[in-house]
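Tertiary structure, described
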Amino acid sequence: MPAQIYHLIAFLVAAVVVLWTTPDVKKIGIKSGRVDQPGGRKIHDRPMVRLGGVSIFAGTILSLMIVWWLGGFANLPPEKEWQIWGVTLGGLGFFLIGLADDLLSLSPLTRLLMQIIVAACAWKAGVSIDFITIPTVGIVNLHWLSLPITVVWLVGMVNAINWIDGLDGLAAGVSGIAAVVMLFVSLFMQQPAAALIAAALAGAALGFLRYNFNPAQIFMGDGGSYFMGFTLASVGVIGLVKIPAFTAVLLPYLILAVPIVDMSAVILARLRQGKRPWVADKCHLHHRLLQAGLSHRWSVLFIYCLTLWVGSLALFVAGVPSSIAYICATTSLLSYVCWRVRKFSQQNRKLQK
């Protein structure tokens, strides 16, 4: 069986499982009263079930299990098998932390401590940033710095995806786009195992948009955002960062630039204002777009386009064929959306005068 067939199977199985199970998860959430109430900084105006992460997790894991059973992970060297287990078990750990928060409302310190422990376990299993490649210097082994750098990357990306989950379909769409880009880059870099995980996550995330895009019928909750953030960060580590090339090290940060920059900007803004970094406010990019007068959907579509654009840049940096054409297409799309955003903003200012 051609290797690419396994990636297609992973994508389709994950998408079908999510499409099939999400309505049942929603019913269970309604019956049990596990809903997110409106109010405060929240955008939604009615109670919403926030257990969609259960479907995303189930779709991704079941997809990978089927691909494994079909032989998609055959002939992997031992270290790669450990990495796959590290991603799978780490994803389970982060999903359970997020699910516990959805159900029990854990304190920020408790969540952070649990995240650090699970990330450290994933590092032990091989999901680790062991070296960096510096131009004119070559490969620099990190030694003992590998653990803290890996934990910061994994925990940081988990929270970056969680923080952008503020509008209908935003986190699912951004994660789905990033996973698709990682799929193509991993295949081009001859990292089929990482590509299979990316394919499964892409199918689950994009399948969930059927119920999560505005107007949303269900939220993914912290369980879903934690799982997707960790899986994206882990695929970047085992599929790209471990390749001894400077451009490969840059690729995960470029592909995930939108949530990374958004989180970094928000943290800096809060620190300048004398606030704690984890205290919620309305400083995120999607909040600013809404304040500028954009509709809910246009705000989400604008961030989608940004993610697509940086993804096309990542394809170019990786050396993927026809990447120039992708950059031209996404630049044109982003330019059009920017024009619409500016038009909406101007119309809003006129109405306010």
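First things first, this report covers the structure right here in the doc. The model shown is predicted, which means the values in this text are computed figures rather than measured ones. (Residues numbered from 1 in each chain as written. Predicted model: local features only at pLDDT ≥ 70, side-chain atom pairs only at ≥ 80, totals over all residues. Heavy atoms only, no water.)

Further remarks concern the overall build of the chain. Within the chain one finds 13 helices and four strands. Principal-axis analysis of the C-alpha atoms gives the chain an extent of 65 × 50 × 45 Å. For the chain, with 353 residues in total, the buried portion stands at 53%. Contacts spanning at least 24 positions in sequence make up 74% of the contacts within the chain whose residues lie at least 6 apart. Entry remark: accessible area of the chain is about 16,300 Å², with carbon and sulfur atoms responsible for 68%. Charge-centre separation for the chain: the mean point of 26 positive side chains lies 11 Å from the mean point of 13 negative side chains. (Helix = DSSP H or I, 4+ residues; strand = E, 2+ residues; numbered from the N terminus. Buried < 20%, exposed > 50% of the residue type's maximum accessible area, 1.4 Å probe, protein only. Contact = heavy atoms within 4.5 Å. Areas by Shrake-Rupley, 256 points an atom, 1.4 Å probe, with all protein chains shown as cover. Lys, Arg positive; Asp, Glu negative; His and termini not counted. Charge placed at Lys NZ, Arg CZ, Asp CG, Glu CD.)

Asparagine 214 connects to proline 215 through a cis peptide bond whose omega is -5 degrees. Turning to its location among the elements, proline 215 is positioned in the loop between α7 (192-212) and α8 (221-241).

In this section: the side chain of aspartate 222. Examined against the element boundaries, aspartate 222 turns out to sit in helix α8. Looking at aspartate 222, the relative accessible area reads 10%, which means it is buried. The residues contacting aspartate 222, other than those within four sequence positions of it, are Arg50, Gly98, Asp101, Asp102 and Asn162.

Glancing now at the pattern of salt bridges. Scanning the entire structure with this criterion turns up three salt bridges. Across the pair arginine 50 and aspartate 102 runs a salt bridge, and its minimum N-O distance is 2.9 Å. Here the residue arginine 50 occupies a position in the loop between β2 (48-49) and α2 (53-70), and aspartate 102 occupies one in helix α3 (residues 78-104), the gap between them amounting to 52 residues. Notably, a salt bridge pairs aspartate 222 with arginine 50, separated by 3.4 Å at the nearest N-O pair. Placement of the pair is aspartate 222 in helix α8 and arginine 50 in the loop between β2 and α2, with a sequence separation of 172 residues. (Salt bridge = Lys/Arg side-chain N within 4 Å of Asp/Glu carboxyl O.)

Now for helix α5 (residues 146-163). Taking 1.5 Å of rise per residue, the 18 residues of α5 would be expected to cover 26 Å, and the 25 Å separating its terminal C-alpha atoms lies within 8% of that figure. With 14 of its 18 residues buried, α5 lies for the most part within the structure. (Expected span 1.5 Å × (residues − 1).)

Only one face of strand β3 (residues 131-134) is buried: it carries Phe131 and Thr133, and the other face, with Ile132 and Ile134, is open. Of the pairings in the sheet, the one linking β3 to strand β4 (residues 138-141) comprises four bridges and is antiparallel in character. When the bridges of β4 are listed, isoleucine 134 appears paired with glycine 138. (Pairing = 2+ DSSP bridges.)

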